Amino acid sequence: DQADALVELARVELDRGALAEAGQSLRQARQALEAPDNAAALNEGERRKLSSEAIHVRAMVLAAIGERQLAVERADEMGVVLKLAGDPRAGQKATALKGWIAARNSDDKSALGMLAQATRPTLRLAYALALTRANDNGKARAIFDELARRMVNDLEGALTRPRASAWLKQHAQAQAQAQ
């Protein structure tokens, strides 16, 4: 539970731009996962799932500080961990994360292809933003609408829903002014 809470804390810190704090939270999460008393409490599948989440957020933090190559390496590592855990979508998840990394580093051309298969709300948001920058506002609007209406009660939804709603509101006002 502690490792999971620390990974979620790191996700919120990343969202708020507190990158150093996110890195520290991820270090603490790794220590919690490796602690001998926690090793007995988690089965191998649970440990791999928590580890893949920590690696996912770590890759995002690395991308946010401009360490694209290291971030891509972490995305590949996450794919391996998910594959070992038996996740049939491990490759897709790693590719989508690489797309987020590319988008974060202003490589929208690469990001569009890789993020098209994304299912996580934060990755879908990055896809919609990349579509907007590529002037595909129709497709972007559909994704923003999907994210704004998403009612699954999870942290990623809570972090993306207000941004998607704000984008929709801003673009509705801009359209009204243009007419």
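In what follows, the structure referred to is the one given above.
So, here is what we can say about the structure in this document. (Residues numbered from 1 in each chain as written. Predicted model: local features only at pLDDT ≥ 70, side-chain atom pairs only at ≥ 80, totals over all residues. Heavy atoms only, no water.)

### Concerning the overall build of the protein
- Across its full length, the protein carries ten helices and zero strands.
- Relative to a compact globule of 179 residues, whose C-alpha radius of gyration would be 16 Å, the protein shows 17 Å and is just as compact.
- Burial analysis of the protein (179 residues in total) assigns 41% to the buried set.
- A sequence separation of at least 24 residues applies to 46% of the contacts in the protein between residues at least 6 apart.
- Of the roughly 9,600 Å² that the protein leaves accessible, carbon and sulfur atoms contribute 50%.
- The distance from the centre of the 26 positive side-chain charges to the centre of the 23 negative ones in the protein is 6 Å. (Helix = DSSP H or I, 4+ residues; strand = E, 2+ residues; numbered from the N terminus. Rg over C-alpha atoms; globule rule 2.2 N^0.38 Å. Buried < 20%, exposed > 50% of the residue type's maximum accessible area, 1.4 Å probe, protein only. Contact = heavy atoms within 4.5 Å. Areas by Shrake-Rupley, 256 points an atom, 1.4 Å probe, with all protein chains shown as cover. Lys, Arg positive; Asp, Glu negative; His and termini not counted. Charge placed at Lys NZ, Arg CZ, Asp CG, Glu CD.)

### Let's talk about the environment of Val80
- Assignment of secondary structure puts Val80 in helix 5 (residues 68-84).
- Residue class for Val80 comes out partly exposed when judged on its relative accessible area of 48%.

### Regarding helix 9 (residues 137-149)
- Taking 1.5 Å of rise per residue, the 13 residues of helix 9 would be expected to cover 18 Å, and the 18 Å separating its terminal C-alpha atoms lies within 8% of that figure.
- The complete set of buried residues in helix 9 reads Ala140, Ile143, Phe144, Leu147 and Ala148. End-on view of helix 9: buried residues confined to an arc of 135 degrees, all on one side of the axis. Facing away from the buried side of helix 9, by more than 90 degrees, are the exposed residues Gly138 and Arg149.
- The secondary structure elements touched by the buried residues of helix 9 are helix 8 (121-133) and helix 10 (155-178). (Expected span 1.5 Å × (residues − 1). Arc of directions from axis to C-beta.)

### Focus on the nonpolar core
- Residues Leu97, Trp100, Ile101, Leu115 and Phe144 are the most contacted members of the largest nonpolar core, which totals 46 residues.
- Sorting elements by how many residues they give to this core places helix 4 (residues 44-64) first, with nine residues.
- Sequence-distant contacts of Phe144, defined by excluding residues within four places in its chain, comprise Leu125, Ala128, Leu129, Thr132, Ala164, Trp167 and Leu168. (Core = buried A, V, L, I, M, F, W, Y, C linked by side-chain atoms within 4.5 Å.)

### Examining the packing of helix 1 (residues 2-15) against helix 10
- Two elements in contact, helix 1 and helix 10, have axes whose closest approach is 10 Å; the angle formed by their N-to-C orientations is 15 degrees. Comparing their axes, helix 10 and helix 1 come out roughly parallel. Pair helix 1 / helix 10 crosses with right-handed handedness. Between helix 1 and helix 10, the contacting residues are Glu8, Arg11, Val12 and Asp15 on the first element and Leu155, Glu156, Leu159 and Arg163 on the second.
- Taken together, the residues that form the contact of helix 1 with helix 10 break down as three nonpolar, no polar and five charged. (Axes fitted to C-alpha atoms, helices over the stretch in contact; angles between N-to-C directions. Parallel < 35°, antiparallel > 145°, perpendicular 65-115°, else oblique. Left-handed = near helix turned anticlockwise from the far one by under 90°. Nonpolar A, V, L, I, M, F, W, Y, C, P; charged D, E, K, R; others polar.)

### Quick word on helix 8
- Here helix 8 spans 18 Å end to end across 13 residues, near enough to the 18 Å set by a 1.5 Å rise per residue.
- Buried residues dominate helix 8, accounting for eleven of its 13 residues.
- Those residues of helix 8 that are buried are in contact with helix 4, helix 6 (90-104), helix 7 (108-115), helix 9 and helix 10.
- Asn135 occupies a position one or two residues after helix 8 and carries a positive phi of about 65 degrees.

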